Amino acid sequence: MADAAADGTIYLATSYAVYAIDPRGGIRRVAGGGSTGAIVPGGFANALSLYSIVSIHLDAGRSRLYVTPSSQDAFYVDLASGEIGSTAALAALNTYSDSLYDLVLSADGTVLYAVEYGVAPTAGYSLVRVGSTGAITDVVARGVSPSCGAIAELQIDNYCRLA
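Every chain begins its residue count from 1, and numbering advances along the sequence as written. Per-residue local features are limited, in this predicted model, to residues with pLDDT of at least 70; the limit for side-chain atom pairs, both in listing and counting, is 80 or more; totals at the level of whole chains, interfaces and linings are taken over all residues. Side-chain metrics rest on all non-hydrogen atoms present in the structure, leaving aside hydrogens and water.

*Asks:* Help me out: how do you make sense of the pairing of strand 5 (residues 53–59) in this one?
*Replies:* Walk down a regular strand and you will see the side chains alternate between the two sheet faces. The buried label applies to any residue whose accessible area, calculated with a 1.4 Å probe on protein chains only, is under 20% of its type's maximum; exposed applies above 50%, and partly exposed to all values in between. In this description a helix means any DSSP run of H or I spanning at least four residues, a strand means any run of E spanning at least two, and both kinds are numbered starting from the N terminus. Here strand 5 lies mainly inside the structure; six of its seven residues are buried. When DSSP finds at least two bridges between two strands, those strands are taken to pair. From the end of strand 5 to the start of strand 6 (residues 64–69), which pair antiparallel, there are four residues, and S63 there has a positive phi angle of about 55°.

*Asks:* Is there a simple way to explain the sheet that holds strand 3 (residues 17–21) in this structure?
*Replies:* Ordered by their spatial adjacency, four strands build an open sheet running 1-2-3-4, and the pairing between neighbours is antiparallel. Strands at the two margins of the open sheet, each flanked by one partner only, are strand 1 (2–4) and strand 4 (27–32). With strand direction ignored, the average angle separating the axes of adjacent strands in the sheet is 20°. Here four bridges tie strand 2 (residues 10–13) to strand 3, and the two strands are oriented antiparallel to one another. When the bridges of strand 3 are listed, Y11 appears paired with A20. The axes are straight lines fitted to the C-alpha atoms, using for helices just the contacting stretch, and the angles between their N-to-C directions are given from 0 to 180°.

*Asks:* Could you clarify how one ought to interpret the nonpolar core in this entry?
*Replies:* In this structure, Y11, V18 and F75 are the most contacted members of the largest nonpolar core, which totals 19 residues. Elements supplying a minimum of two residues to this core: strand 2, strand 3, strand 4, strand 5, strand 6 and strand 7 (75–78). In terms of residue count, the dominant contributor to this core is strand 5 (three residues). Residue contacts are defined here by distance: any two heavy atoms, one from each residue, within 4.5 Å place the two residues in contact. Excluding its chain neighbours within four sequence positions, the residues that come into contact with F75 are A31, I39, A45, L48, L50, L65, Y66, V67, P69, I84, G85 and L90. Note on terminology: a nonpolar core comprises buried Ala, Val, Leu, Ile, Met, Phe, Trp, Tyr and Cys residues joined through side-chain atoms within 4.5 Å. Membership of the second largest hydrophobic core comes to 14 residues, among which are A74, L93, L100 and L105.

The following block contains the structure:
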């Protein structure tokens, strides 16, 4: 997975870490690769031990990089400080689902969308919409496959990533 900033910096995720590659070719680790398992706001993201990163999303306007590891809580990295951050929307989402596959913000940064995998009795992939206050305002396409089904209308690719 990768995302790019307007200045040409590329953010690239491997299974266990996220790197920033600047336009001159310099590489620095932004998250993961460390030994700390607890994702705690205020801690340093590059000290984390991450497992199976499934998505990253750059919110350039707020200088944040959202990271979704497979079996850990989603979080963002404050790119200026390197610290772990959270929001009401992320906290609600992490409580709602323990199997996130992708997350992105709306263009204005007020709505978080996530593809998650529910468990019985509502097993299957779904798209959830979480407002900035943390309210899950609707659940769309519960029980569809990752091939997108009804989610395709929202132009999500790979796990139907929101465009």
